[in-house]
Amino acid sequence: QVQLVESGGGLVQPGGSLRLSCAASGFTFSGYDIRWHRQAPGKERELVARLRAVSNLVNYADSVKGRFTISTDNAKNTAYLQMNSLKPEDTAVYYCNAVFLWYDYWGQGTQVTVSS
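Student: What is the right way to read the overall build of the chain from this model?
Tutor: Of the regular secondary structure elements, the chain holds zero helices and 11 strands. When the helices and strands of the chain are listed from N to C terminus, the series reads β-β-β-β-β-β-β-β-β-β-β. Expected size for 116 residues packed as a compact globule is a radius of gyration near 13 Å; at 13 Å, the chain falls within 12% of this value. When contacts within the chain are restricted to residue pairs at least 6 apart in sequence, those whose partners lie at least 24 apart make up 53%. When the accessible surface of the chain is summed, it comes to about 6300 Å², and 48% of that surface belongs to carbon and sulfur atoms. A gap of 3 Å separates the mean positions of the 11 positive and 9 negative side-chain charges of the chain.

Shown next, in the form of C-alpha cells:
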C-alpha cells in the first residue's frame, strides 16, 4: 500500500524552527519529484519547495526562500522540510507530495502553527 506520512508539525514561537518529515512506504522515493505544499485557512494551496528528481535542483517559493530547506534521504525513503525563522504567516497545514509521470502521491498533512 502506497503511503506518505508527514510528521513534525506543531506549535512554535515566531523565529523558531521545525523540521517536517515525510516517510514513504509502498514505493521508492528515488526518481520522484518531491514537493512540499501548504494551505492556510481561507487560502489556496501553495507550493513552497520542490526537489527535482535526477537533477536534484531545488526551487522555493519567494515567501520561504532563505528560511526553508528541502531534502531527502533515499536510504530512509524520507523527505524533510527544515523550516527556520518561522513567521506567523507560515501557519498552515503542510503536505508532502511525490510525483513521477502519472504517479502522484500525497500525505495527509501536518499542522504548523506559529504563534506567541
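Student: Looking at this structure, I do not really get the nonpolar core. What am I missing?
Tutor: The tendency in soluble globular proteins is for nonpolar side chains to be buried side by side. Of all hydrophobic cores here, the largest spans 30 residues; its most connected members are Leu4, Phe27, Phe29, Trp36, Leu81, Met83 and Tyr94. Sorting the residues of this core by element identifies β3 (18–25), β4 (33–39), β5 (46–51), β7 (68–73), β8 (78–83), β9 (92–100) and β11 (110–114) as the ones contributing at least two each. Contacts of Phe27, omitting those with residues within four sequence positions, involve Val2, Gln3, Leu4, Tyr32, Asn77, Ala98 and Tyr105.

Student: Just to check I follow, could you spell out the sheet that holds β7 for this structure?
Tutor: In space, the four strands of this open sheet follow the order β1-β3-β8-β7, with antiparallel pairing throughout. In the strand order of this sheet, the two ends are held by β1 (3–7) and β7, each with one partner. Ignoring which end each strand starts from, the neighbouring axes of this sheet average 15° apart. As judged from the five bridges shared by β1 and β3, these two strands associate in the antiparallel manner. What sits directly across from Val5, in β3, is Ala23.

Student: Which parts of the structure should I look at to understand the packing of aromatic side chains?
Tutor: To describe a pair of aromatic rings, one takes the distance between the centres and the angle between the planes. Counted according to the given criterion, the structure contains seven aromatic pairs. Relative to Tyr105, the ring of Phe27 has its centre 4.7 Å away and its plane inclined at 45°; by these criteria the two rings are tilted. One end of the pair, Phe27, is in the loop between β3 and β4; the other, Tyr105, is in strand β10 (residues 103–106), with 78 residues separating them in the sequence. Ring centres of Tyr32 and Phe100 lie 5.5 Å apart, and the angle between their planes is 50°; this geometry places the pair in the tilted category. Note that Tyr32 is positioned in the loop between β3 and β4 and Phe100 in strand β9, a separation of 68 residues in sequence. With relative accessibility at 10%, the residue Tyr32 sits in the buried group. Classification of Phe100 as partly exposed rests on a relative accessible area of 35%. Through a chain of ring-to-ring contacts, three or more aromatic side chains come together here, namely Phe27, Phe29, Tyr32, Phe100, Trp102, Tyr103 and Tyr105.

Calculation criteria
Residues numbered from 1 in each chain as written. Predicted model: local features only at pLDDT ≥ 70, side-chain atom pairs only at ≥ 80, totals over all residues. Heavy atoms only, no water. Helix = DSSP H or I, 4+ residues; strand = E, 2+ residues; numbered from the N terminus. Rg over C-alpha atoms; globule rule 2.2 N^0.38 Å. Contact = heavy atoms within 4.5 Å. Areas by Shrake-Rupley, 256 points an atom, 1.4 Å probe, with all protein chains shown as cover. Lys, Arg positive; Asp, Glu negative; His and termini not counted. Charge placed at Lys NZ, Arg CZ, Asp CG, Glu CD. Core = buried A, V, L, I, M, F, W, Y, C linked by side-chain atoms within 4.5 Å. Buried < 20%, exposed > 50% of the residue type's maximum accessible area, 1.4 Å probe, protein only. Pairing = 2+ DSSP bridges. Axes fitted to C-alpha atoms, helices over the stretch in contact; angles between N-to-C directions. Phe/Tyr/Trp six-rings, centres within 6.5 Å; stacked < 30°, edge-to-face > 60°.

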